[in-house]
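Descriptive analysis of the structure
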Amino acid sequence: MKRIAVMTSGGDAPGMNAAIRAVVRTALERKVEVYGIRQAYAGLLNGDMSLMTSREVSGILQRGGTILQTARNEEFKTAQGQMKALRRINEKGIEGVIVIGGDGSLRGALALKKLGVPVIGVPASIDNDIWGTNMSIGVDTALNTILDALDRLRDTATSHNRAFVIEVMGRNSGYLALMGGILGGAEVIITPEKEISMEEVAKQMEDAYVRGKSHAIAVIAEGASYRTTELVSFLNERHTGFEIRLTILGHIQRGGSPTAFDRLLATRMGRSAVERLLAGETGMMVGLDGREIVTHPLEDVIAKTREISENYYEMAWELSR
Ligand code: ADP
Ligand code: F6P
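Since we're looking at a predicted model, the values are computed, not measured.

Quick notes on the packing of helix H1 (residues 16–29) against helix H9 (residues 260–278)
Axis separation between H1 and H9 bottoms out at 7 Å; the angle between their running directions is 35°. Here the hand of the crossing between H1 and H9 comes out right-handed. Facing H1, whose interface residues are Ala18, Ala19, Ala22, Val23, Thr26 and Ala27, H9 presents Arg263, Ala266, Thr267, Gly270, Arg271 and Val274.

Thoughts on the site of ligand 2
Residues in close proximity to ligand 2 include Arg72, Asp127, Met169, Gly170, Arg171, Glu222, His251 and Arg254, which together make up its full environment. Separating an oxygen atom of ligand 2 from a side-chain N or O atom of aspartate 127 is a distance of 2.9 Å. Within the side chain of arginine 254, one N or O atom sits 2.8 Å away from an oxygen atom of ligand 2. Protein burial of ligand 2: of its 400 Å² of free accessible surface, 76% is covered by the chains.

Section: the pattern of salt bridges
Under the defined criterion, the tally for this structure stands at 21 salt bridges. A salt bridge links arginine 107 to aspartate 103; its shortest N-O distance comes to 3.5 Å. Taken together, the residues arginine 107 and aspartate 103, both in helix H4 (residues 103–114) and four residues apart, mark about one turn of the helix. Glutamate 206 is paired through a salt bridge with arginine 238; the nearest N and O atoms lie 3.1 Å apart. You can see glutamate 206 sitting in helix H7 (residues 198–210) and its partner arginine 238 sitting in helix H8 (residues 228–238), a full 32 residues away along the chain.

Calculation criteria
Residues numbered from 1 in each chain as written. Chains lettered and ligands numbered in written order. Predicted model: local features only at pLDDT ≥ 70, side-chain atom pairs only at ≥ 80, totals over all residues. Heavy atoms only, no water. Axes fitted to C-alpha atoms, helices over the stretch in contact; angles between N-to-C directions. Helix = DSSP H or I, 4+ residues; strand = E, 2+ residues; numbered from the N terminus. Left-handed = near helix turned anticlockwise from the far one by under 90°. Contact = heavy atoms within 4.5 Å. Near = heavy atom within 4 Å. Polar contact = N/O pair within 3.5 Å; in protein donor to acceptor, adjacent residues only side chain to side chain. Areas by Shrake-Rupley, 256 points an atom, 1.4 Å probe, with all protein chains shown as cover. Salt bridge = Lys/Arg side-chain N within 4 Å of Asp/Glu carboxyl O.

Structural data, given as structure tokens:
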């Protein structure tokens, strides 16, 4: 293999740049050229790509976002779009592709593999909703951003005897809400996987008030079935003892310099992706299993759901008393 390509796709995640750097430098060290595809599958369809040099990835290890940019693209989901992508790949003489992205992006990677293109996926999404890896790139940084916000909000909540409802990201996954809640000392945690009713949220807040707490924090994942604003209105009507305030953290969670953990994870995964591709592996995703970087078939990755251990919910409940 003499020429490969790399793209970042779907929602951006801190550490994507560290992964790009690792891919480019690992490949160049092995005398393999690397095309950087801009704006993911959209760029692939438009032929928006150029060969990358080692200097182009200098000084990006610590930067959030992605220098290759990212995009969502509907055309690539169609058979026609995929044929067009294959044509672009052949035009450029690309012999293998590395896709860095979330669940949807990895579905796209599998589509390329099915067309006969050698492909390796690298999991990057702050949601930590990808099966086959303990952690995806960006999760640790996002979690630290959430904790920073939670700590600050608790300071002001305690000073005023208030309760805060804090919405964190997680379209289909409550990982950030659960871990953020446990590590930020929340009284109530609401996730799509184990949702509690608004009535129950009010009860838990009242309980915290009656037990003499000076504040109450409820962390809710954006994927919960009721809107956060709905919950706040409900709580205000119920008079839980606390005055209620709402904070939606939003895209702040997606930006920022990657933590040491994310830089290392991205660097190891990027390097491993190139090594596996050059060794002839295809249709696989690299993942973290204990201390090791392993691979799993993309078919399994997209078919299976990453479960959160029940133990964490029990832990959250017991430690919030
Ligand atoms: P993420 O990768 O963060 O989960 P998306 O779900 O938006 O983000 O997916 C990113 C892109 O991956 C989509 O815009 C589309 O171009 C591509 N993609 C998603 N699902 C598929 C699919 N089933 N087949 C082919 N491409 C897909
Ligand atoms: O997939 C990561 C994620 O952050 C989700 O939690 C969130 O719903 C989504 O991306 C929002 O992405 P965007 O605003 O880019 O559409």
